[in-house]
Structures are given as structure tokens and as C-alpha cells.
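# Structural overview
Listed here are the chains, written in short residue letters.
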Amino acid sequence: MECRAPLQLMRCHYLDAAQPDMAFATVVSPSGGVLQGDRLELQVTVAEGARLHLDTASAIRRYRMPDQRAEQEVTRTVAEDGLLE
């Protein structure tokens, strides 16, 4: 796991007894929100045979952007026999 502000990845937990190998991870934004000019990038890689449930804690606040937009890019890579929810 690697993260930089304004996004933070919380430690994985194993919450489902029926799927003991499924890691549950939550992305949060501890900052005040998304401002104009921000560029958020999220890269998710699930290795071969790994299982990941990725979620967010809540909505991320977006502020007015009268002069410039904000962007978010999400890249997901799942290896063979991997699972991403």
C-alpha cells in the first residue's frame, strides 16, 4: 500500500467469514475536499489470485471551481484469477 494526500488508503481487513481471503480496503479523503486544479489519481493493482473489495468511507466534498476544473483518474489492473469488487 502506498498513498499520498489528499487520498488515504486504510489498512486492509478481512471481514467476511464466508470469504476469508477477501481483503476489504477503504479509500478516504482526510483533507477538506477537492479544489479547482486538483488532480486525483488512484491506481489499483490486484495480484494473481488476490481478492480485493475496495470502497470509500463517504462522498468527497467538491468545492466551487469557477476558474479551473479538477480531475480524477482511476486505473484498475487485475491479474489472472484475481478479483476486484
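The rules behind the values
- Along each chain, residue indices are assigned from 1 in the same order as the chain's sequence is written.
- It should be noted that, the model being predicted, local features are given only for residues of pLDDT at least 70 and side-chain atom pairs only at 80 or more, the latter also being counted only at that level, while totals for whole chains, interfaces and linings use all residues.
- The side-chain quantities take in all heavy atoms of the structure and omit both hydrogens and water.
- Note on pairing: two strands pair once DSSP finds at least 2 bridges between them.
- Working definition: helices are DSSP H or I runs of at least four residues, strands are E runs of at least two. Numbering for both runs from the N terminus.
- To sort residues, take the accessible area from a 1.4 Å probe on protein chains only and compare it with the maximum for the residue type: under 20% means buried, over 50% means exposed, and anything in between is partly exposed.
- The salt bridge criterion pairs a side-chain nitrogen of Lys or Arg with a carboxyl oxygen of Asp or Glu, the two atoms within 4 Å.
- Contacts between residues were defined by any pair of non-hydrogen atoms, one from each residue, lying within 4.5 Å.

## Details of the sheet that holds strand β4 (residues 51-56)
Strand order across the open sheet formed by four strands is β1-β2-β4-β6, with mixed pairing between neighbours. If you trace the sheet from one side to the other, it starts and ends with β1 (8-9) and β6 (83-84), each paired once. Bridge count between strand β2 (residues 22-28) and β4: six bridges; the pairing is parallel. Across the sheet, residue Phe24 finds its bridge partner in β4, namely His53.

## Some points on unusual backbone geometry
For Asp81, which is not glycine, the phi torsion reads 65 degrees and is therefore positive. Tracing the backbone shows Asp81 in the loop between β5 (71-78) and β6. Of the residues examined, Asp81 reaches a relative accessible area of 62% and is grouped as exposed.

## Describing the pairing of β4
In this structure, β4 lies alongside β6, joined through two bridges in parallel fashion. Bridging from a neighbouring strand, Arg51 pairs with Leu83 of β6.

## Digging into the pattern of salt bridges
Evaluated as defined, the whole model comprises four salt bridges. The partner of Asp21 in a salt bridge is Arg51, and the shortest N-O contact between them spans 3.1 Å. Linking Asp21 in the loop between β1 and β2 with Arg51 in strand β4, this pair joins segments that are 30 residues apart in sequence. Take Asp21: its relative accessible area is 45%, and that puts it in the partly exposed class. Salt bridges sharing partners connect three or more residues here, namely Arg39, Arg69, Glu71 and Glu73.

## Brief notes about the environment of Ala23
Structurally, Ala23 is set in strand β2. Using a relative accessible area of 9% as the deciding quantity, one classes Ala23 as buried. Residues Ala23 and Ala50 lie 27 residues apart in sequence; the distance between their C-alpha atoms is 8.4 Å. Setting aside its immediate chain neighbours within four residues, Ala23 contacts Cys12, His13, Tyr14, Arg51, Leu52 and His53.

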